[in-house]
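Analysis of the macromolecular model
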There are 2 protein chains.
Amino acid sequence: MGEDGRAGFPLDDRGAAYGDGLFETVLVRDGEPLLWREHCERLEEGAARLGFEAPERAELDALPARAGAGEKILKIMLTRGSGGRGYALPDVASPRLRYRIVAFTPAAQRWREGVSMRLCRLRLAEQPLLAGLKHLNRLENVLARSEWQSPDIAEGLLRDQHERVVEATAMNVAWLENGRWLTPWLARCGVAGTLRRALLAQGLVAEVDDAGLERLVKASSLCLFNSVQGVWPVQRLFDETCSHRLGRWTITTTSGQRELQREAHSLLGHPLP
Amino acid sequence: MGEDGRAGFPLDDRGAAYGDGLFETVLVRDGEPLLWREHCERLEEGAARLGFEAPERAELDALPARAGAGEKILKIMLTRGSGGRGYALPDVASPRLRYRIVAFTPAAQRWREGVSMRLCRLRLAEQPLLAGLKHLNRLENVLARSEWQSPDIAEGLLRDQHERVVEATAMNVAWLENGRWLTPWLARCGVAGTLRRALLAQGLVAEVDDAGLERLVKASSLCLFNSVQGVWPVQRLFDETCSHRLGRWTITTTSGQRELQREAHSLLGHPLP
């Protein structure tokens, strides 16, 4: 890393100045990272799309062990580094790699009982050049998450400006339709999560374009998931003001959500509820 | 400022993590800021739209004098600070104010002779909640500016996803049509520059919605401008590959651009070419 990987960012860092960089949040258990290949690949693909070099895999591989014993989140931030004139890129970028480690306790009750979700008013802007990336331009997520404060609402469902369902503020979504798990295609906006990537690779989930809210509401099951929290079944979906319930799903030990949970949690080392 | 205003950002700063903040680049001559009221107002309006407190005006007012003698750029960065869980906001934000000062020499030859501009391939995404703000989510500007390297091209013209002209990568645009200076309305995307704001307030420029490329090409004059560089007349406009010239304008001491330059440069203390 050259510089101290836990140091902050100088004011001329392009990540701090423009959000010109990427991040990963990795579940680490007793120093062992989960879905590590998926996280490294997404970071490398993101750097390639933004046009700078990702670190050597060996440099990344040294990070998870630093988390020590217990369940932790390793947050990796990779920026284009300093330099360039304004928005113009430096001739040769020297990307800056930083990391922090924070304690983590998964929300086991949410695995078991499911969660309530509301619709967000914010509609995601469509930018194919950035879609799918876990880049540092996350003001839309921040604004969407600021739409509600109640701890009873676990997540907010985001649509794009053509009313297509995309994702939740910090999780991907999937729903069960005619016996198949479907998740939105993320070629226009949204973050393509690493658990989503692993589930797609296994063929357990399929991508679908152009799904509106009505398909989710009619689905036999609806779930939220990411590589840290695992799978949260959705029990209730409310509208933007939380005054109307748009959908309700029963969560039992045999309902459809458990299949997705079983596969996802085995990838993450999370227990089944 | 509490902490040192020139220190970097800690890794948990929301500006560094999510681009959750704003910036201003202020022209300062011998310690005196230009368009200072416009910069402070935009910063305050931006903080209000993002939902956090701007610093007291006295705290901002102390910054320009630190630039010392000569022409400088004062870059002010204001983030929501640290805290919150993921995208969720902290209960009470402690915004973080930082600044840096860099030397500046305006491009006097560009005032005089004008510049060449090209069309960008990137189409700006439309997000009304962020439109107009000089926020820290600037990956689109970075990607647009990375489309060309030639020093002969001074700027790139950006359109939105409905083919409407918006701005250049780091400057606003205005064109002369039937004796009136027009500039795009920026309610869907784009940065509302402080010089633009001052020229609009003076009634020298009017906002227009829904202008396509054909209107710029037919205009009797086309200019680029911001609060640091002043006004650059556009001499040539090229397509995305720089293989076709879409427009050409003659720059003389009596051509239309000089009127805009005269007003703008008197606001910025820049000489007339």
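The model shown is predicted, which means the values in this text are computed figures rather than measured ones. (Residues numbered from 1 in each chain as written. Chains lettered and ligands numbered in written order. Predicted model: local features only at pLDDT ≥ 70, side-chain atom pairs only at ≥ 80, totals over all residues. Heavy atoms only, no water.)

**Digging into the interface of chain B and chain A**
Between chain B and chain A, the contact holds 49 residues from the first and 49 residues from the second. Here chain B and chain A share an interface that buries about 3800 Å² over both sides, 68% of which is from carbon and sulfur atoms. When residues of chain B are sorted by the area they lose upon contact with chain A, Leu11(B), Tyr87(B) and Leu139(B) head the list and together hold 23% of the total. Joining chain B to chain A, the criterion identifies zero salt bridges. Counting across the chain B and chain A interface gives 15 residue pairs in polar contact (both at pLDDT 80 or more). Per element, the largest residue contribution to the side of chain B that touches chain A is six residues, and it comes from helix 5 (residues 139–145) of chain B. When grouped by side-chain class, the residues that make up the side of chain B that touches chain A number 25 nonpolar, 11 polar and 13 charged. (Contact = heavy atoms within 4.5 Å. Buried area = accessible area lost by both parts, 1.4 Å probe. Salt bridge = Lys/Arg side-chain N within 4 Å of Asp/Glu carboxyl O. Polar contact = N/O pair within 3.5 Å; in protein donor to acceptor, adjacent residues only side chain to side chain. Helix = DSSP H or I, 4+ residues; strand = E, 2+ residues; numbered from the N terminus. Nonpolar A, V, L, I, M, F, W, Y, C, P; charged D, E, K, R; others polar.)

**Focus: the sheet that holds strand 2 (residues 32–33) of chain B**
Residue and element names in this part refer to chain B. With antiparallel pairing, four strands are arranged side by side in an open sheet as 2-1-3-4. This sheet does not close on itself; its edge strands, each paired only once, are strand 2 and strand 4 (96–103). As defined by bridge partners, strand 1 (residues 21–29) adjoins strand 2 across two bridges and the pair is classed as antiparallel. Note on strand 2: the bridge partner recorded for Val28 is Pro33. This element, helix 2 (residues 36–50), spans strand 1, strand 2 and strand 3 (71–79) of the sheet and lies at about 175 degrees to strand 1. (Pairing = 2+ DSSP bridges. Axes fitted to C-alpha atoms, helices over the stretch in contact; angles between N-to-C directions.)

**Digging into the packing of helix 2 (residues 36–50) of chain A against helix 6 (residues 194–201) of chain A**
Residues and elements named next belong to chain A. Running from amino to carboxyl end, helix 2 crosses helix 6 at an angle of 110 degrees, the nearest separation of the two axes being 9 Å. By the angle between their directions, the pair helix 2 and helix 6 is classed as roughly perpendicular. Here helix 2 contributes Glu38, His39, Glu41, Arg42 and Glu45 to the contact with helix 6, which in turn contributes Thr194, Arg197 and Ala198. Of the residues in the contact of helix 2 with helix 6, the class split is one nonpolar, two polar and five charged. (Parallel < 35°, antiparallel > 145°, perpendicular 65-115°, else oblique.)

**Focus on the relation of the copies chain B and chain A**
Superposing chain B onto chain A takes a rotation of 180 degrees combined with a translation of 0.0 Å along the rotation axis, leaving an RMSD of 0.0 Å. Expressed as an axis order, the relation between the two copies is that of a two-fold axis. Interface residue correspondence from chain B to chain A reaches 100%, placing this contact among same-surface, isologous pairings. (Least-squares fit on C-alpha atoms with pLDDT ≥ 70 in both.)

**Quick notes on helix 2 of chain B**
Think of an α-helix as turning once every 3.6 residues; residues three or four places apart then point the same way. With 15 residues, helix 2 of chain B extends 21 Å between its outermost C-alpha atoms, agreeing within 8% with the 21 Å of an ideal straight helix rising 1.5 Å per residue. Listing the buried residues of helix 2 of chain B in full gives Trp36(B), Glu38(B), His39(B), Cys40(B), Arg42(B), Leu43(B), Gly46(B), Ala47(B) and Leu50(B). The inward-facing, buried residues of helix 2 of chain B contact helix 5 (139–145) of chain A together with strand 1, strand 2, helix 3 (57–61), strand 3 and helix 6 (194–201) of chain B. Once helix 2 of chain B finishes, Gly51(B) follows within two positions and takes phi at roughly 90 degrees, a positive value. (Expected span 1.5 Å × (residues − 1). Buried < 20%, exposed > 50% of the residue type's maximum accessible area, 1.4 Å probe, protein only.)

**Topic: the environment of Gly46(B)**
Along the chain, the position of Gly46(B) falls in helix 2. The residues touching Gly46(B), leaving out its near neighbours within four places in the chain, are Leu22(B) and Leu133(B).

**Notes on the environment of Ala211(B)**
All names here are of chain B. Here Ala211 shows up in the loop between strand 10 (205–208) and helix 7 (213–218). Judged by relative accessible area, Ala211 falls into the buried class, the value being 2%. For the pair Ala211 and Ala174, spaced 37 residues apart in the sequence, the C-alpha separation amounts to 11 Å. Here Ala211 is in contact with Glu163, Arg164, Val165 and Trp175, once residues within four sequence places are set aside.

**Overview of the state of the cysteines**
Summed over the entire model, instances satisfying the criterion amount to zero disulfides over all chains. Looking at Cys120(B), it has no disulfide partner, and the nearest cysteine sulfur is the one in Cys242(B), 9.8 Å off. (Disulfide = S-S within 2.5 Å.)

**Things to note about the sheet that holds strand 2 (residues 32–33) of chain A**
Residues and elements named next belong to chain A. Strand order in the open sheet made by the four strands is 2-1-3-4, with antiparallel pairing throughout. Here the strands that pair on one side only, and so sit at the sheet edges, are strand 2 and strand 4 (96–103). Packed onto the sheet, helix 2 meets strand 1 (21–29), strand 2 and strand 3 (71–79) and runs at close to 175 degrees relative to strand 1.

**Examining the packing of aromatic side chains**
How two aromatic rings sit relative to each other is set out by the distance from centre to centre and by the angle between their planes. For the structure on display, the rule yields four aromatic pairs over all chains. With a centroid separation of 4.9 Å and 55 degrees between ring planes, the pair formed by Tyr18(A) and Tyr87(A) is classed as tilted. With Tyr18(A) in helix 1 (residues 14–18) and Tyr87(A) in the loop between strand 3 and strand 4, this pair connects stretches of sequence that are 69 residues apart. In this structure Tyr18(A) comes out as buried when scored by relative accessible area, which is 9%. Judged by its relative accessible area of 9%, Tyr87(A) falls in the buried class. Each residue in the set Tyr18(A), Tyr87(A) and Phe23(B) is aromatic and connected to the rest through ring pairs, giving one cluster. (Phe/Tyr/Trp six-rings, centres within 6.5 Å; stacked < 30°, edge-to-face > 60°.)

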